[in-house]
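# Breakdown of the fold
Residues per chain are reported as follows:
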Amino acid sequence: MTNSEPSLSEQQQIRLEKLNQLRELNINPYPYNYDVTHYSTGILENPSLVTEEPDNHTLRVALAGRVMTRRIMGKASFFTLQDSKGIIQIYIRRDDVGTETYNSVFKKLVDIGDFVGIKGFVFKTRTGEITVHAEEFEFLGKTVRPLPTPKEVENDKGEIVTYSAFSDKEHRYRQRYVDLVVNPEVKETFIKRTKMVQAMRDFMNRRGYLEVETPVLQPVYGGAAARPFVTHHNALDMQLFLRIANELYLKRLIVGGFDGVYEFSKDFRNEGLSRFHNPEFTQVELYVAYKDYHWMMDFMEEMIEHVALDLHGSTKVSVGDHEIDFKRPWPRIPMYEAIMNETGHDLSGKSENEIRDIAKKLHIEIEEGMGKGKLIDEIFGEYVEPKLIQPTFITDYPVEMSPLAKKHRSKEGLVERFEAICNGKEIANAFSELNDPVDQRRRFEDQVRLRSEGDEEAMTLDEDFLRAIEYGMPPTAGIGIGIDRLAMIMTNSESIRDVLFFPLMRPE
RNA sequence: GAAUCGGUAGCUCAGCUGGUAGAGCAGCGGCCUUUUAAGCCGCGGGUCGUGGGUUCGAGCCCCACCCGAUUCACCA
C-alpha cells in the first residue's frame, strides 16, 4: 500500500473519533474474545427460554454479533443484533447496564455494524416479539466504515419488503463481505453450494472412492479443449501451465491401482467471461475402474437425485420459469438422434463436407478450419442444447471431438461419451475412457495436427500420460461435473457470479 | 470484441425542453424506559465515473476514455 489514503467521508471521520473516545473511556474497541452461549435463531426457535419474571434461576443467554438497527427511546432502547445465524432484537435499559455504559457507550459510541456482546434473559415484548433483555453489554469491535443500511419490513400483505437494499451488482461482487452481511439470501446460496459439494463427497465416499489431490501447476496441460494460463517457475526456470482439467492425472492414478478416485478442483481456462464462464471454476472429476459410460449414467443420475433430495427435500427444483425434476431415470438420447429430432437432418455416416453443407443450410456461422467435430458441435449447441431443460443424457459423440474417449463398441465413427444437459447447459461430460495406448497416441497426433493448423484449443501430446497407459489402464469410466453450473441450478441463480464468492473483476 | 442500459450524499434513488443539487434511510445535536422502516424538533453532508468540448451558463448537449450489468460473439 502507498501512504496516500483516500479522503475520509464525514461518517468515517466521526467513527474514527468515536474509536478514540472508547479508548479514553478505557474500553478496548477491539477486545479478544467473548463467550457465546446462544445464537439468535436458537433463541427464536426455543419458546421455553421466554420468561416473564426473571430471577436468579432464569437461564441467561450470551450472544454476540453486529448491531444492525437501533431505536433509542431515551433511557431504554431496542436494537437488532445479527450473528452468523440470523437476527434477534435486544432490549437495553440504562437502569440495567449502568448509566455510563448506556449513555456514554451505547447511545454515543455504538454505530450500526459494530460488534457487541450481550448477556441477559429472553422475554416477549408487548407486540409478541421474542427479545433478549440485556443485563450486560460489552463492546466487541468498532467499525469505521458505515455499512449499507437496508431495512426489511413486512407490509399489509405479509410480504417482506426491503428498502434501501444493497443492490448494485458491481458493489456486491467486489465487496462480497458487505453483500454477505446485508443480504441474507446470499449466505443461503453459498451454504447451499457447500452442502451440495458435501452431499456429493459423502455419496462418493460411501462407495469407497478416494478423494485425492493432483497438481495445479503442470508442465504439460491437457484433458480438455481450452487455452491455458501460463506461468513460470523461477528456480527451475520452467514454463508451467495452470491446469485446465484433472483428467490425465486422475487416470494415471487408475493406472497406479486405485479403483475409484475423485477430486474437487479449481480449473483455469484462459477464456472470456460470461454468465456461464469464470476463468477459474470448479469441477469434480471421478474415475472408476472396470466401469463404462452406461454405468456412469446410472451413477450420475443417482448422485444428482440424491443431491436434490438432500438440498430441497424433493427431486424437483425451481429454476427461473422452469421446474426441473432430477428424478431417475433421465432420458438418454444419442446425439445424432437429438439433432435429427430438432433439425430433421440425419448426420450419421455423413462426410465432413456433407455436414458443412447441412450446417450452412441451418444458418450456422462457419469459420475457417472448423472440422467435422466442431461443425456437429455447433449444430448441436444451436438447435438442441438450449431446448434440453430437464436433465438429459446426450450420448455417442463423434470421435473427432473426443480425443480421450474410447471408440464406440458398435457405432462406427463415434465414441462412448455422454454429456448431461440441464436447463439448456452442459453440467457434466463423461466417457468410457480410452485405454488403448496405440489409439491414444494416434488421437494425440491428430490433435497436434489440428494445433499446427491453428486450433489453439487442440490438446498437446502428453508423453508421460501415454507412458502411463502403456503400462496398462483397466477399463474405466470417467466423468467431470461442473460444480458452479450445478450450483446455479440448485440455488436458482442466473449468473455464475452469484455462486462464486469472489468472481473475477477488472481492477477498480 | 459488439450492442443496449447504467455510474448523482455512506445506501437506495429523483433531478423536466441546459439556469448552478434534492428525498428517504444512515450521520450529528436535543426529547423520549416495550419500540419495530419507532416517533418528534433542529443541523450538517456532493470532484454529479474521468478528461476534453459547445454555451453567458452543463448532472443534463457533443467527443474520448474508465468501470459495471445484460444480450450477442468467443467458449463447455
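Along the backbone of chain A there are 15 helices and 20 strands. Once the C-alpha set of chain A is aligned to its principal axes, its extents read approximately 90 × 55 × 50 Å. The 508 residues of chain A split such that 48% are buried. Here the analysis covers contacts within chain A between residues at least 6 apart in sequence; of these, 65% occur between residues at least 24 apart. Taken together, the 65 basic and 84 acidic charged side chains of chain A have centroids lying 3 Å from each other.

Attention now goes to the sheet that holds strand β8 (residues 210–211). If you trace the eight strands from one edge of the open sheet to the other, you get β8-β12-β13-β20-β19-β18-β17-β16, paired in mixed fashion. With partners counted over all chains shown, the strands left at the sheet margins are β8 and β16 (332–334), one partner each. Pairing of strand β13 (residues 280–289) with strand β20 (residues 476–482), which is carried by seven bridges, proceeds in the antiparallel orientation. From the neighbouring strand, Glu285 faces β20, where its bridge partner is Gly480. Relative to β13, helix α8 (residues 247–255) is tilted by about 25°, and along the sheet it contacts β12 (260–268), β13, β19 (425–432) and β20.

A few words on a negative patch on the surface. A surface patch of negative charge is lined by Glu271, Glu453, Asp455 and Glu457. Structurally, the position occupied by Asp455 is in the loop between α13 (437–452) and α14 (463–470). Overall, the relative accessible area of 32% leaves Asp455 in the partly exposed class.

With that settled, the discussion passes to the side chain of Gln440. The topology assignment puts Gln440 in helix α13. Using a relative accessible area of 0% as the deciding quantity, one classes Gln440 as buried. Only 3.0 Å separates the side chain of Gln440 from the backbone oxygen of Pro403, close enough to count as a polar contact. Contacts of Gln440, omitting those with residues within four sequence positions, involve Pro403, Leu404, Leu434, Phe465, Leu466 and Ile469.

On to the protein's contact with RNA strand B. Close to RNA strand B lie 56 residues; Asp95, Thr127, Ala225, Glu426 and Arg497 are nearest. Here the atoms of RNA strand B within 4 Å of the protein split so that 61% fall in sugar or phosphate, with bases taking the remainder. In the model, a phosphate oxygen of RNA strand B is placed 2.3 Å from a nitrogen or oxygen of the Lys18 side chain. Between a sugar or linking oxygen of RNA strand B and a side-chain N or O atom of Glu457, the distance comes to 3.2 Å. For the surface near RNA strand B, the class distribution of residues is 19 nonpolar, 11 polar and 26 charged.

Another point: the sheet that holds strand β3 (residues 87–93). With mixed pairing, the five strands of this closed barrel are ordered in space as β1-β2-β3-β5-β4. Across the sheet, the mean angle from the axis of one strand to that of its neighbour is 50°, orientation sign disregarded. Taken together, the 10 bridges between strand β4 (residues 115–124) and strand β5 (residues 130–141) define a ladder with antiparallel strand orientation. Across the sheet, Lys119 pairs through a bridge with Glu136, a residue of β5.

Scanning the model with the defined rule gives 17 aromatic pairs in all. Both rings, one in Tyr91 and one in Phe123, keep their centres 5.8 Å apart while their planes meet at 55°; by these two values the pair is tilted. Taken together, the residues span a long stretch of sequence, with Tyr91 in strand β3 and Phe123 in strand β4 at a distance of 32 residues. Each member of the pair Tyr91 and Phe123 is classed as buried. Ring centres 5.9 Å apart and planes at 90° place the aromatic pair Tyr262 and Phe264 in the edge-to-face group. On the basis of relative accessibility, which here comes to 0%, the residue Tyr262 falls in the buried class. Put simply, the rings of Phe78, Tyr91, Phe121 and Phe123 touch in pairs and so form one group of aromatic residues. The residue whose ring lies beneath Arg417 is Tyr397, and the NZ or CZ to ring-centre distance is 4.6 Å.

Per-residue confidence for chain A averages 90 on the pLDDT scale, and 96% of its residues sit at or above 70. Per-residue pLDDT, averaged within each element of chain A, yields its smallest value for strand β7 (residues 160–163) (65) and its largest for β8 (97).

Cut-offs applied
Residues numbered from 1 in each chain as written. Chains lettered and ligands numbered in written order. Predicted model: local features only at pLDDT ≥ 70, side-chain atom pairs only at ≥ 80, totals over all residues. Heavy atoms only, no water. Helix = DSSP H or I, 4+ residues; strand = E, 2+ residues; numbered from the N terminus. Buried < 20%, exposed > 50% of the residue type's maximum accessible area, 1.4 Å probe, protein only. Contact = heavy atoms within 4.5 Å. Lys, Arg positive; Asp, Glu negative; His and termini not counted. Charge placed at Lys NZ, Arg CZ, Asp CG, Glu CD. Pairing = 2+ DSSP bridges. Axes fitted to C-alpha atoms, helices over the stretch in contact; angles between N-to-C directions. Patch = residues over 30% accessible without salt bridge, like charges linked within 9 Å, V, L, I, M, F, W, Y side chains within 5 Å. Areas by Shrake-Rupley, 256 points an atom, 1.4 Å probe, with all protein chains shown as cover. Salt bridge = Lys/Arg side-chain N within 4 Å of Asp/Glu carboxyl O. Polar contact = N/O pair within 3.5 Å; in protein donor to acceptor, adjacent residues only side chain to side chain. Near = heavy atom within 4 Å. Nonpolar A, V, L, I, M, F, W, Y, C, P; charged D, E, K, R; others polar. Phe/Tyr/Trp six-rings, centres within 6.5 Å; stacked < 30°, edge-to-face > 60°. Lys NZ or Arg CZ within 6 Å of the ring centre and 35° of its normal. pLDDT = per-residue confidence, 0-100.

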